[in-house]
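For reference, the chains in residue letters:
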Amino acid sequence: MTKKTIAIVGAGLAGLSCAARLKELGHHVELFEKSRGPAGRMSTKRGEGWAADHGAQYFTARDPLFIAQVKTWLVEQVVALWTPEIKVYEANQWTTFQSQDLRYVGTPAMNTPAKQLAKGLVLHASQTIDALSNKNGQWFLHSAETGDIDKGFDALILAIPGPQALTLAQHLDPDIKTIAGQSNMKGCWTLMARFAQRPEVSFEAAFVNQEVISWIARNSSKPQRTGQESWTIQANPLWSQAFIELNKEEVTGQMLACAKKLGLDCTGAEISVHRWRYASGATAPAISFYTNPELQLGICGDWLNGGRVEGAWLSGYHLANEMTNDF
Ligand SMILES: Cc1cc2nc3c(=O)[nH]c(=O)nc-3n(C[C@H](O)[C@H](O)[C@H](O)COP(=O)(O)OP(=O)(O)OC[C@H]3O[C@@H](n4cnc5c(N)ncnc54)[C@H](O)[C@@H]3O)c2cc1C
């Protein structure tokens, strides 16, 4: 096996699992991430005296490879089971949600497993890669913050949402244009509410159908959460997408009105709102990852593999194996 130098754009769970596996297989890997740290959509918002998971709310594990990863995280104490009382609201009726699924969360915050994976990896944070070029078989990256990255790489991996991969790489390979053009990702307006006291509500989490809101969770019910009583409320994907350009005040008003109708009165609570421009969505069928061996180029991410945390991790892991076997 030839040892390669590989650049990965994006340090969400897909980029991190890909990087960790490539490193394990003997390659030199460097991650470039536009945010200040790793985790991407598996992240946690922090303020004075409070924190709330505002992206992924929990994850499940069904594939043996991912189950093994979750077991490692459990031993490392960076994830734990979350067993909230979950209800479902539909057509003015509440029912109890019945499911045998085990739900995991990062501890003490959702971004902890990503941070754990990032340990020992070379990660360049606050680097938005806005241009790519290939000269004599070497990949070169340009950063919006610092200009040209001063070295070339044998291979390049994009571990970013479909629409962003489309913008960055559609000119490199017509297949990328086709695949990334089908990612069908939708936004998500997310509201975080902090209370002086625990509100009296008959659930700790709720799936809500056919309303402005699609999910409510008591963040403080997750293991090892400290600080102010906090709740996360997510608008439904279709509503979010339709109103993705609406101003925050209007979004807040509509989401709070819906929350009140569902029994969570946020009067007096401190409110923050976050807009995820690309929250969820995936190609159909799932293809796990994409590679172009001639260009030494790969793409991974949840959107190629079902659109969830487990899919993201597996997409990166399998791409790393493929880059080593067939390239
Ligand atoms: C509101 C919300 C709720 C969700 N709920 C759940 C849930 O309950 N359960 C579940 O399993 N999944 C959930 N998900 C989905 C889950 O978060 C994702 O499937 C998973 O985190 C995606 O990982 P990823 O690595 O593929 O992408 P991302 O996490 O999006 O990682 C991509 C990374 O690339 C970076 N990046 C993008 N462009 C550039 C660039 N040009 N240069 C450098 N860096 C760049 C981004 O900053 C980001 O860190 C939710 C997502 C959202 C947003």
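Each remark here, short or long, concerns the structure printed above.
Residues numbered from 1 in each chain as written. Predicted model: local features only at pLDDT ≥ 70, side-chain atom pairs only at ≥ 80, totals over all residues. Heavy atoms only, no water.

Trainee: Just to check I follow, could you spell out the pairing of strand S7 (residues 93-96) for this structure?
Mentor: On a regular strand, one side chain projects to one face of the sheet and the next to the other, so that they alternate. Of the pairings in the sheet, the one linking strand S6 (residues 86-90) to S7 comprises 4 bridges and is antiparallel in character. Residue pairing for S7: Tyr89 is matched across the bridge by Trp94. Where S6 folds back on S7, the antiparallel hairpin that results is connected by 2 residues, among which Ala91 adopts a positive phi of roughly 50°. (Pairing = 2+ DSSP bridges. Helix = DSSP H or I, 4+ residues; strand = E, 2+ residues; numbered from the N terminus.)

Trainee: Is there a simple way to think about the sheet that holds strand S17 (residues 229-235) in this case?
Mentor: With respect to topology, 7 strands assemble into an open sheet ordered S7-S6-S15-S16-S17-S14-S18, the strand pairing being mixed. Each edge of the open sheet is held by one strand with a lone partner, namely S7 and strand S18 (270-280). Sheet twist, expressed as the average angle between the axes of neighbouring strands with direction ignored, equals 20°. Strand direction decides the pairing type here: strand S14 (residues 186-195) and S17, joined by 6 bridges, are antiparallel. (Axes fitted to C-alpha atoms, helices over the stretch in contact; angles between N-to-C directions.)

Trainee: Explain the site of the ligand here, please?
Mentor: Near the ligand lie 36 residues; those nearest to it are Ala14, Glu33, Arg41, Tyr58 and Asp302. One of the side-chain nitrogen or oxygen atoms of Arg41 is found 2.7 Å away from an oxygen atom of the ligand. One of the backbone nitrogen or oxygen atoms of Gln57 is found 3.1 Å away from an oxygen atom of the ligand. Burial of the ligand by the surrounding chains reaches 93%, relative to a free accessible area of 1000 Å². Elements with a minimum of two residues in the shell around the ligand: helix H1 (13-24), S18 and helix H8 (309-326). Broken down by class, the residue content of the shell around the ligand amounts to 18 nonpolar, 13 polar and 5 charged. (Near = heavy atom within 4 Å. Polar contact = N/O pair within 3.5 Å; in protein donor to acceptor, adjacent residues only side chain to side chain. Areas by Shrake-Rupley, 256 points an atom, 1.4 Å probe, with all protein chains shown as cover. Nonpolar A, V, L, I, M, F, W, Y, C, P; charged D, E, K, R; others polar.)

Trainee: For this particular structure, what's the right way to read the sheet that holds strand S1 (residues 5-9)?
Mentor: The strands making up a sheet are joined through hydrogen bonds of the backbone, oriented either antiparallel or parallel. On the basis of which strands lie adjacent, the open sheet formed by 6 strands has the order S9-S2-S1-S13-S20-S19 and mixed pairing. Edge positions in the sheet fall to strand S9 (122-124) and strand S19 (290-292), since each of these pairs with one other strand and no more. Within the sheet, the average angular offset between the axes of one strand and its neighbour, ignoring direction, is 20°. Sheet topology note: the strand S13 (residues 155-158)/strand S20 (residues 297-299) ladder contains 3 bridges and is parallel. Residue pairing for S20: Leu156 is matched across the bridge by Leu297.

Trainee: How should H1 be read in this particular structure?
Mentor: Residues spaced three or four apart along an α-helix face the same direction, because each turn holds 3.6 residues. For H1, which comprises 12 residues, the first-to-last C-alpha distance of 16 Å matches the rise-based estimate of 16 Å (1.5 Å per residue) to within 8%. Among the 12 residues of H1, 9 are classified as buried, and the element is accordingly described as predominantly covered. Burial in H1 covers these residues: Leu13, Ala14, Gly15, Leu16, Ser17, Cys18, Ala19, Arg21 and Leu22. Trailing H1 by a residue or two, Gly26 shows a phi angle of about 100°, which is positive. (Expected span 1.5 Å × (residues − 1). Buried < 20%, exposed > 50% of the residue type's maximum accessible area, 1.4 Å probe, protein only.)

Trainee: I'm lost on the pattern of salt bridges in this one. Help?
Mentor: When the charged atoms of two side chains with opposite charge come close together, those side chains can pair. Using the criterion set out here, one finds 11 salt bridges in the structure. The salt bridge involving Lys151 is made with Glu30; its shortest N-O contact spans 2.4 Å. Separated by 121 residues along the polypeptide, Lys151 in the loop between strand S12 (147-148) and S13 and Glu30 in strand S2 (residues 28-32) bring together distant segments of the chain. Glu245 is paired through a salt bridge with Arg275; the nearest N and O atoms lie 3.4 Å apart. Taken together, the residues Glu245 in the loop between helix H6 (237-242) and helix H7 (248-261) and Arg275 in strand S18 connect sequence positions 30 residues apart. The class for Glu245 is exposed, based on a relative accessible area of 57%. Each of Asp53, Lys222 and Arg225 takes part in a single network of salt bridges with overlapping partners. (Salt bridge = Lys/Arg side-chain N within 4 Å of Asp/Glu carboxyl O.)

Keep in mind these numbers describe shape, not what the thing actually does.
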